[in-house]
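Per-entry structural report
The chain contents come next:
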Amino acid sequence: MADEDEDDERTQQPGAGGDVPWVAIIGFAASVVTVLGFLGFQNVGEIREWVASGPSTSAAPSVDRYAADTSETDDPGTTEDAETTEPSENAETTTAETTSDEDEPEHDPTDLDDEATDPTPFTAPALLTSSFTTERTRYALVASGAKPCTAALGMTDEVRTALTGYGCSTSMIGVYRIDDDTAGDDEQVVVTVQVVPFDTAADARGARSSIAANSRWDFGTWCPGSGAGQDVCSTGYSAARKHLFMRHDHRYLIGVSAVYANLSSTAAAEPWLTEAAAAAVSASGPRNHE
């Protein structure tokens, strides 16, 4: 059962001229060391210049983040009038036992509100989708794993404080890229999803409210070990244009960051980033566990 609250989202627009970008890389050295260990992740300091024309600036599609197929088909069957005959006095009557196979009750969604009753395993298949699609393209999971809650490069201090304050120690990380081998760095979008478990749904709501109270929140990024996107884990992340989404789903908090692989700061990148982040946050969480 998906949470019905609206998602929190924001876009970082890099400062012009001598303005200082709002994202601060907190504990940068420590974060980079951790990032390097994630599935062979590596930090490349030199970022290629934006060499290709920007993507389409058409409006991003509306995303139904909570839609679920709840329709039921009632099939009352057909009733027919049947002729009945009273039995004779000497007729033997028997009573037959009837049994019906009833479907087992569905899983109670409120079980997901508490770690003690939540049946969802803390694994990538249970919390992350293998792919998701947008109006423009398809994204595929290229790296995943359990990592410390506050180790992402570029995670802002208010996010770290909220996550640790409400008791998170480990989160499930997923990194997605456009599922097209022909997409180079100038066309490639990298999406980082972090699914953060808490003891209770109340803790997840509290952490989300604490983070959203500060307009400069960012869950940061993780990077694949090779190919397009490996350069995202660098100081250039703080100045890149990005789109961020956050929502909570029962006892889980889900944070998403979408950036271009070449860390572009151009406004033309925004439509692609917005729809990628929106689709990723919608597709992630305990709903992936059957």
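Relevant structure appears above.
Across its full length, the protein carries five helices and seven strands. Listing each helix as α and each strand as β along the protein from the N terminus yields β-α-α-β-β-α-β-β-α-β-β-α. Burial status across the protein gives 46% buried among its 290 residues. Sequence separation of at least 24 residues holds for 80% of the intrachain contacts in the protein that already meet a minimum separation of 6.

Another point: unusual backbone geometry. Notably, H250 is not glycine yet its phi reads approximately 60°, a positive angle. Following the sequence through the fold, H250 ends up in the loop between β6 (242–249) and β7 (252–260). One non-glycine residue with positive phi stands out, namely L263, at about 60°. Judged by relative accessible area, which is 9%, L263 ranks as buried.

Attention now goes to the environment of C168. You can see C168 is positioned in the loop between α3 (157–165) and β4 (170–178). Taking the C-alpha atoms as reference points, C168 and D199, separated by 31 residues in sequence, lie 8.3 Å from one another. If sequence neighbours within four positions are ignored, C168 has contacts with C149, L163, V196, P197 and F198.

Further remarks concern the pattern of salt bridges. Counted by the stated rule, this structure contains five salt bridges. As a salt-bridge pair, D118 and R251 come within 2.9 Å of each other at their nearest N and O atoms. Linking D118 in the loop between α1 (28–36) and α2 (124–127) with R251 in the loop between β6 and β7, this pair joins segments that are 133 residues apart in sequence. Exposure class is identical for D118 and R251. Each is buried. Salt bridges linked by common partners bring R247, D249 and R287 together as one network.

With that settled, consider the side chain of H248. Position of H248 among the secondary structure elements: in strand β6. What makes H248 buried here is its relative accessible area of 4%. A polar atom in the side chain of H248 sits 3.0 Å from the side chain of R208.

All right, on to α3 then. An α-helical turn contains 3.6 residues, so a residue and the one three or four places further along point in the same direction. Residues of α3 that are buried include every one of E158, V159, R160, A162 and L163, and no others. Following α3 by one or two positions, G167 adopts a phi angle in the positive range, close to 95°.

The next subject is the packing of aromatic side chains. Following the criterion strictly, the structure yields three aromatic pairs and no others. Here the aromatic rings of F132 and Y139 are separated by 5.0 Å at their centres, their planes lie at 10°, and the arrangement is stacked. Take F132 and Y139: they sit in the same class, and that class is buried. Ring centres 6.2 Å apart and planes at 80° place the aromatic pair W217 and F219 in the edge-to-face group. With a relative accessible area of 4%, W217 lands in the buried category. Accessibility expressed as a relative area gives 1% for F219, which makes it buried. Feature note: the residues F132, Y139 and Y176 constitute an aromatic cluster, connected by ring pairs.

About the thresholds
Residues numbered from 1 in each chain as written. Predicted model: local features only at pLDDT ≥ 70, side-chain atom pairs only at ≥ 80, totals over all residues. Heavy atoms only, no water. Helix = DSSP H or I, 4+ residues; strand = E, 2+ residues; numbered from the N terminus. Buried < 20%, exposed > 50% of the residue type's maximum accessible area, 1.4 Å probe, protein only. Contact = heavy atoms within 4.5 Å. Salt bridge = Lys/Arg side-chain N within 4 Å of Asp/Glu carboxyl O. Polar contact = N/O pair within 3.5 Å; in protein donor to acceptor, adjacent residues only side chain to side chain. Phe/Tyr/Trp six-rings, centres within 6.5 Å; stacked < 30°, edge-to-face > 60°.

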